[in-house]
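An overview of the molecular structure
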Number of protein chains: 2
Amino acid sequence: MHWWQREDLCYQDGVLFFAGQSVADLVREVGTPGFVYSMGRVLQNLDRLHNALDDADLNGRHSVLYAMKANRFAPLLAALKQSGKCGIDACSPREVEHAISCGFNANEISFTAGSLSRRDYRLLSRYEGLFFDADSIHGIRAWGEMFSGTEIGIRVNPGMGISRDGNERLQYAGDVTTKFGIYREQFHEALAAARDYGLDVTKIHFHTGCGFLTPQLPIWESIIEQCQWFIEQCDSVTRVNVGGGLGVPHVESDQALDLQLWAQALARQFGDKGLHVEIEPGDYLVKDAGLLLLEKTYLERKRDVMFLGVDAGFNIAPEPANYNLPFQPVPVFYQDEPLQTYHVVGNINEALDVWYENARLPDMDEEDFLVLINAGGYSSSMASNHCMRGEFKERLLG
Amino acid sequence: MHWWQREDLCYQDGVLFFAGQSVADLVREVGTPGFVYSMGRVLQNLDRLHNALDDADLNGRHSVLYAMKANRFAPLLAALKQSGKCGIDACSPREVEHAISCGFNANEISFTAGSLSRRDYRLLSRYEGLFFDADSIHGIRAWGEMFSGTEIGIRVNPGMGISRDGNERLQYAGDVTTKFGIYREQFHEALAAARDYGLDVTKIHFHTGCGFLTPQLPIWESIIEQCQWFIEQCDSVTRVNVGGGLGVPHVESDQALDLQLWAQALARQFGDKGLHVEIEPGDYLVKDAGLLLLEKTYLERKRDVMFLGVDAGFNIAPEPANYNLPFQPVPVFYQDEPLQTYHVVGNINEALDVWYENARLPDMDEEDFLVLINAGGYSSSMASNHCMRGEFKERLLG
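A contiguous patch of positive charge, built from Arg119, Arg122 and Arg126 of chain A together with Lys393 of chain B, is present on the exposed surface. Since its relative accessible area comes to 46%, Arg119 of chain A is described here as partly exposed.

Let's shift gears to the packing of aromatic side chains. A ring pair, where both rings are aromatic, is described by two values, the distance of the centres and the angle of the planes. With the rule as written, the count across this model stands at 28 aromatic pairs over all chains. Judged by centre distance (5.1 Å) and plane angle (85°), the ring pair of Trp229 of chain A and Phe230 of chain A falls under edge-to-face. Between Phe111 of chain B and Phe132 of chain B, the ring centres sit 6.1 Å apart and the planes meet at 15°, which makes this aromatic pair stacked. Of this pair, Phe111 of chain B sits in strand 7 (residues 109-112) while Phe132 of chain B sits in strand 8 (residues 131-134), and the two are 21 residues apart along the sequence. Accessibility assignment for this pair places Phe111 of chain B and Phe132 of chain B in one class, buried. Aromatic rings pair up to connect Phe111, Tyr121, Phe132, Trp143 and Phe147 of chain A into one cluster.

A separate point is the pattern of salt bridges. With the rule as written, the count across this model stands at 42 salt bridges over all chains. The residue Lys179 of chain A makes a salt bridge to Asp353 of chain B at a minimum N-O spacing of 2.8 Å. Taken together, the residues Lys179 of chain A in the loop between strand 10 (162-163) and helix 7 (184-196) and Asp353 of chain B in the loop between strand 18 (339-345) and strand 19 (354-362) connect one chain to another. Here Lys179 of chain A matches Asp353 of chain B in class, with each residue buried. A salt bridge links Lys287 of chain A to Asp283 of chain A; its shortest N-O distance comes to 3.0 Å. Since its relative accessible area comes to 1%, Lys287 of chain A is described here as buried.

Turning to the domain arrangement of chain A, a few remarks are in order. Residues and elements named next belong to chain A. When its domains are assigned, chain A resolves into domain 1 (9-38 + 288-397) and domain 2 (61-281). Relative to domain 2, the C-alpha centre of domain 1 lies at a distance of 33 Å. Opposite the 19 residues of domain 1 that make contact, domain 2 presents 16 residues. Here domain 1 packs against domain 2, burying approximately 1,500 Å² in sum over the two surfaces, 57% of which is carbon and sulfur. Among the residues of domain 1 in contact with domain 2, Tyr378, Ser381 and Leu396 are the three that bury the most area, contributing 32% of the side total. At the surface where domain 1 touches domain 2, the tally comes to zero salt bridges. Elements supplying a minimum of two residues to the side of domain 1 that touches domain 2: helix 11 (319-323) and strand 21 (393-397). Among the residues making up the side of domain 1 that touches domain 2, the classes are represented as eight nonpolar, eight polar and three charged.

The next subject is unusual backbone geometry. For the peptide bond that leads from Thr32 of chain A to Pro33 of chain A, omega is -15°, which places it in the cis range. The phi torsion at Arg303 of chain A lies on the positive side, around 50°, for a residue other than glycine.

Residue and element names in this part refer to chain B. Spatially, the three strands line up as an open sheet ordered 1-2-3, and their pairing is antiparallel. Among the strands making up the open sheet, the edge pair consists of strand 1 (9-12) and strand 3 (21-22). Across four bridges, strand 1 lies against strand 2 (residues 15-18) in antiparallel orientation. Bridge pairing in strand 2 links Tyr11 to Leu16.

Turning our attention to a negative patch on the surface. All names here are of chain A. Negative charge collects at one region of the surface, where Asp363, Asp365, Glu366 and Asp368 lie side by side. By secondary structure assignment, the location of Asp363 is in the loop between strand 19 (354-362) and strand 20 (369-372). Residue Asp363 is classed as partly exposed on the basis of its relative accessible area, which comes to 41%.

Right, let's talk about the sheet that holds strand 11 (residues 200-205) of chain A for a bit. Residues and elements named next belong to chain A. Taken together, eight strands build a closed barrel; the order of strands is 5-6-7-8-9-11-13-14 and the barrel is parallel. Here the strands of the sheet are splayed against their neighbours by 30° on average, with no regard to which way each runs. For strand 7 (residues 109-112) and strand 8 (residues 131-134), the ladder comprises three bridges, and the chain directions are parallel. Looking at the pairing, Phe111 lines up with Phe132 of strand 8. Across the face of the sheet, helix 2 (residues 39-55) comes into contact with strand 5 (62-67) and strand 14 (276-279) while running at roughly 155° to strand 5.

The next point concerns the interface of chain B and chain A. Of the residues lining the interface, 74 residues belong to chain B; the matching set on chain A comes to 74 residues. Regarding the contact of chain B and chain A, the summed buried area is about 6,200 Å², with carbon and sulfur atoms giving 46% of it. Considering only the surface of chain B that becomes buried against chain A, Lys179, Arg303 and Met388 of chain B emerge as the three largest contributors, covering 14% of it. Summed over the shared surface of chain B and chain A, the number is ten salt bridges. Counting across the interface, chain B meets chain A through 42 residue pairs in polar contact (both at pLDDT 80 or more). The set of elements that each furnish at least two residues to the side of chain B that touches chain A consists of helix 4 (93-101), helix 5 (118-124), helix 6 (137-147), helix 7 (184-196), strand 15 (290-302), strand 16 (305-310) and helix 11 (319-323) of chain B. In terms of residues, the side of chain B that touches chain A owes the most to one element, strand 15 of chain B, which gives six residues. For the side of chain B that touches chain A, the residue count by class is 25 nonpolar, 25 polar and 24 charged.

Bringing the relation of the copies chain B and chain A into the picture now. Each copy superposes on the other: chain B lies on chain A with an RMSD of 0.0 Å after a rotation of 180° and an axial shift of 0.0 Å. Those values place the two copies in the arrangement expected of a two-fold rotation axis. In terms of C-alpha distance to the rotation axis, chain B has Ser384 of chain B as its closest residue, with the C-alpha 2.2 Å off the axis.

Rules behind the numbers
Residues numbered from 1 in each chain as written. Chains lettered and ligands numbered in written order. Predicted model: local features only at pLDDT ≥ 70, side-chain atom pairs only at ≥ 80, totals over all residues. Heavy atoms only, no water. Patch = residues over 30% accessible without salt bridge, like charges linked within 9 Å, V, L, I, M, F, W, Y side chains within 5 Å. Areas by Shrake-Rupley, 256 points an atom, 1.4 Å probe, with all protein chains shown as cover. Salt bridge = Lys/Arg side-chain N within 4 Å of Asp/Glu carboxyl O. Lys, Arg positive; Asp, Glu negative; His and termini not counted. Charge placed at Lys NZ, Arg CZ, Asp CG, Glu CD. Buried < 20%, exposed > 50% of the residue type's maximum accessible area, 1.4 Å probe, protein only. Phe/Tyr/Trp six-rings, centres within 6.5 Å; stacked < 30°, edge-to-face > 60°. Helix = DSSP H or I, 4+ residues; strand = E, 2+ residues; numbered from the N terminus. Domains from an automatic or database assignment. Contact = heavy atoms within 4.5 Å. Buried area = accessible area lost by both parts, 1.4 Å probe. Nonpolar A, V, L, I, M, F, W, Y, C, P; charged D, E, K, R; others polar. Pairing = 2+ DSSP bridges. Axes fitted to C-alpha atoms, helices over the stretch in contact; angles between N-to-C directions. Polar contact = N/O pair within 3.5 Å; in protein donor to acceptor, adjacent residues only side chain to side chain. Least-squares fit on C-alpha atoms with pLDDT ≥ 70 in both.

Here it is as structure tokens:
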């Protein structure tokens, strides 16, 4: 039994199956490099979140807004809309436009982003019903000039943050002053600015971390606690948006996030306030619903290391190289044979273009393909054409 | 006098001029976010390299192959072809195709890359005259099967490497065994493979580092010395390619690379061997020939820090965020007024999306634009559409 194995991702008679299909067939049909996404898995992940929130004593409604920057593949967005189970968290005018082209209505979209240009505000003003969270006092004023008398959210910064393994590159809100949101020190000025424009502040938005798992939940809750202060300053608040950041296991030693504990923390913090709780998962919905299909290009010992080359590099899935989030390589065929050690490397001319060091795989001499798991989020959506190696296939499975 | 100031990038009556044009005019005409490249500066950089190599006692010819992955903007490539002063270093079949579409002939292109797929070899086989450097024994065999009896280069790995500030993310060939090239331990097997296919090994290729400046030259030379061993093993070698890696100053404390010292090291190592010396600069030609034009989006104090937001993020120029190579922000208008401190930040919803911390700039309250210098290499060519914020303008100036 492999740590990543589950009902819709496991071996059947020695062949890897994903979403009910043989991965051997998928590499032939889709081609490499190629991303395949399981809509079934995305919806399971979404249902799991809804169920945990339903079970917790929230004493108010909740809603899920999918952070589309994680994966904006149009068929996936269209299927999410079809499910009726979530709205959208968008962070640029083009994202709003794309979500709408995939079937969402403007009033199902919540917009949160910083450093918006005059052109951005102009583009956003087209979408009646779009809910806007201001990330700065400047943003409150800019929105107020266009839509005086409407509702608005404020993104606040609790001055604390967490991430998987304390990864600084993913630190959103910690000791260091970041660009995100409005701090306590400026919050009353922000509320005054909203009043000046007759804006009703009905939502407090904050994002506390990235990729957190069960061990980080106590810190996560203490950060949420910090945010209570902001809610208390503002009688008109009816919604609280705690952002996303829910992590998935990347390596064998990671445990899946305990959603019950997570939802209970939300209930402890907000259950007696009658607030509508919003969450904005991105990775949590799509990351483990995506595989990256790769073809072996070569196998060769260099000095003392066995290298297994593949036909794509970090430019089409930057998390392993740029964020130190490993994508476990998994063989297409496996029948308990002995394992060997490989450095799995890509085809980009950069030292950081290494998919996985010391991967344990069966003898890859006779194998042509392998897959990387957890490739469903922040991969294709962040792909570049570096070295003109930016081509890949994408397919949504049932 | 600013550290980055030079004849074609300086203030005239308080207005920044670049390549003979007012940057105030450029932001209006080109738009933001926008990259502007000075072809004049690129050719100056190229001439400086040629002159240094001409002046050194190389006792053989030399040639410059532009590493097009640094910047493949078609007008820039076409102008390089027009100049007749360099060939191309390509690292993917699409790059070869693009170089040819910009006017280069296949025999002006040297191809060096690892992890090539069967499809890649098939695509490359179309280009008669393309010079191929094998990065692995596998590559020697694959090429030999298609072009038995022709010339080939071998990329070797000296097992040592350098980079600016010992930046591990840019480490090409050091103590850690990397995917690049063929090591001593496997070199005789590589030569035997070449013989098996009747391939003449006429070039030894190696890349020693990335972004090195004058202080790193002694280490650089000691690495080159390691490569002599490979050349000595192989009588048929007539060319040596030392790669690129020549750095440009990123911060005030950096000194420009002393090209005379650099060329003298090459002469010491290869001058008495009558070898044709090839170099493959990328950044050195284009980096300081490019500006990124940005529009201010907001100016706001958060906690104790003054943030200056701009209308683009790290996804269109990843070096500052992902490689820790700062792009100095420079105001469009400046007349010796007092300076203030800003964190210059982009419009992407990630903590790492910071252009420059504690930038010293004049009061930006009344200013609408600023530029980042050193944005000409590995910026637009590595751009992604993350957050659907991937749009930018590009223009080549004289």
